[in-house]
Amino acid sequence: MSFFKSLPEDAGVRHILTLNPRAGRALVEFHTAALRNEGLLEPRHKELIAAYVSGLNACQYCFGVHAETARAFGLEAGVLERLLTDIDSADVDERLKPLLRYARKLTLEPSRMTEADAQAVFAAGWSEAALHDAVLTVCLFNFMNRLLEGHGVKGSPEVFVARGQGLKDTGYAPLLAFLDAASQAPDGT
């Protein structure tokens, strides 16, 4: 149940976005531009980072949805939980570990970022463009975690599975259709 009485009992991101449709549209377009662009850092990597950051922030909704999205992209069950405990022992591609360390530090200690943190990512074979995409993902999900937590939206396992598979299959664009339909509704929701 949300803190906002105007939101439905099963509220999710889509419902929050209807509270300010113009900002909601811009945010969905940013998700698409940041998370579904072409580059070395693939959508599956970005969804892993999204889930990881959300786990670090203990955002139940975003962690649940993006953990399911990462699983839909092929991440094995339990890997995210191991990453949250210890990146080094988690069963993920070694090239991803410096990116995940970067994401962790940028989330938990942003003012302590150093050039050495970036150099570790570059030494693992990632380009500046890939690190930029990772930074965008980290920033976006720190924002999204606060958006969901600020509205008191927690979600449910059923929502996580449905949204996770949907994000893998169709990306973020269907949220724009939801916003369009909501703006056409007689009561504006």
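To start, this report covers the structure provided alongside it. The structure presented is a predicted model; accordingly, all values stated were derived computationally and were not measured.

Definitions and cut-offs
Residues numbered from 1 in each chain as written. Predicted model: local features only at pLDDT ≥ 70, side-chain atom pairs only at ≥ 80, totals over all residues. Heavy atoms only, no water. Salt bridge = Lys/Arg side-chain N within 4 Å of Asp/Glu carboxyl O. Axes fitted to C-alpha atoms, helices over the stretch in contact; angles between N-to-C directions. Helix = DSSP H or I, 4+ residues; strand = E, 2+ residues; numbered from the N terminus. Parallel < 35°, antiparallel > 145°, perpendicular 65-115°, else oblique. Left-handed = near helix turned anticlockwise from the far one by under 90°. Contact = heavy atoms within 4.5 Å. Nonpolar A, V, L, I, M, F, W, Y, C, P; charged D, E, K, R; others polar. Phe/Tyr/Trp six-rings, centres within 6.5 Å; stacked < 30°, edge-to-face > 60°. Lys NZ or Arg CZ within 6 Å of the ring centre and 35° of its normal. Patch = residues over 30% accessible without salt bridge, like charges linked within 9 Å, V, L, I, M, F, W, Y side chains within 5 Å. Areas by Shrake-Rupley, 256 points an atom, 1.4 Å probe, with all protein chains shown as cover.

1. What to know about the pattern of salt bridges
If the charged atoms of two oppositely charged side chains come close together, the side chains can form a pair.
Turning to step 1, where the next piece is worked out: Taken as a whole and assessed by the stated rule, the structure comprises 11 salt bridges.
Turning to step 2, where the next piece is worked out: Glu109 is the partner of Arg112 in a salt bridge, and the nearest nitrogen-oxygen pair spans 3.7 Å.
Turning to step 3, where the next piece is worked out: A network of salt bridges, in which partner residues are shared, links Arg25, Glu29 and Asp180.

2. Details of the packing of helix α2 (residues 21-35) against helix α10 (residues 173-184)
Angle between the axes and distance between the axes: these two values describe a pair of packed helices.
Turning to step 1, where the next piece is worked out: Running from N to C, α2 and α10 cross one another at 165°; their axes reach a closest spacing of 9 Å. Between α2 and α10, the angle is such that the two are roughly antiparallel. The chirality of how α2 crosses α10 is left-handed. Each of Pro21, Gly24, Arg25, Val28, Glu29 and Thr32 in α2 lies in contact with α10, whose residues at this interface are Ala173, Leu175, Leu176, Leu179 and Asp180.
Turning to step 2, where the next piece is worked out: When its residues are assigned to classes, the contact of α2 with α10 shows 6 nonpolar, 2 polar and 3 charged.

3. Observations concerning the packing of aromatic side chains
Turning to step 1, where the next piece is worked out: Scanning the model with the defined rule gives 1 aromatic pair in all.
Turning to step 2, where the next piece is worked out: Geometry around Phe178 places Arg14 over its ring, the cationic atom sitting 5.2 Å from the centre.

4. Points about unusual backbone geometry
Turning to step 1, where the next piece is worked out: With phi around 55°, Ala58 is a residue other than glycine that occupies positive phi space.
Turning to step 2, where the next piece is worked out: Looking at the secondary structure, you find Ala58 in the loop between α3 (43-56) and α4 (60-72).

5. Notes on a nonpolar patch on the surface
Turning to step 1, where the next piece is worked out: A cluster of nonpolar residues, Phe3, Phe4 and Leu19, forms a patch on the protein surface that exposes about 300 Å² of accessible area.
Turning to step 2, where the next piece is worked out: When you line up the elements, Leu19 lands in the loop between α1 (13-17) and α2.

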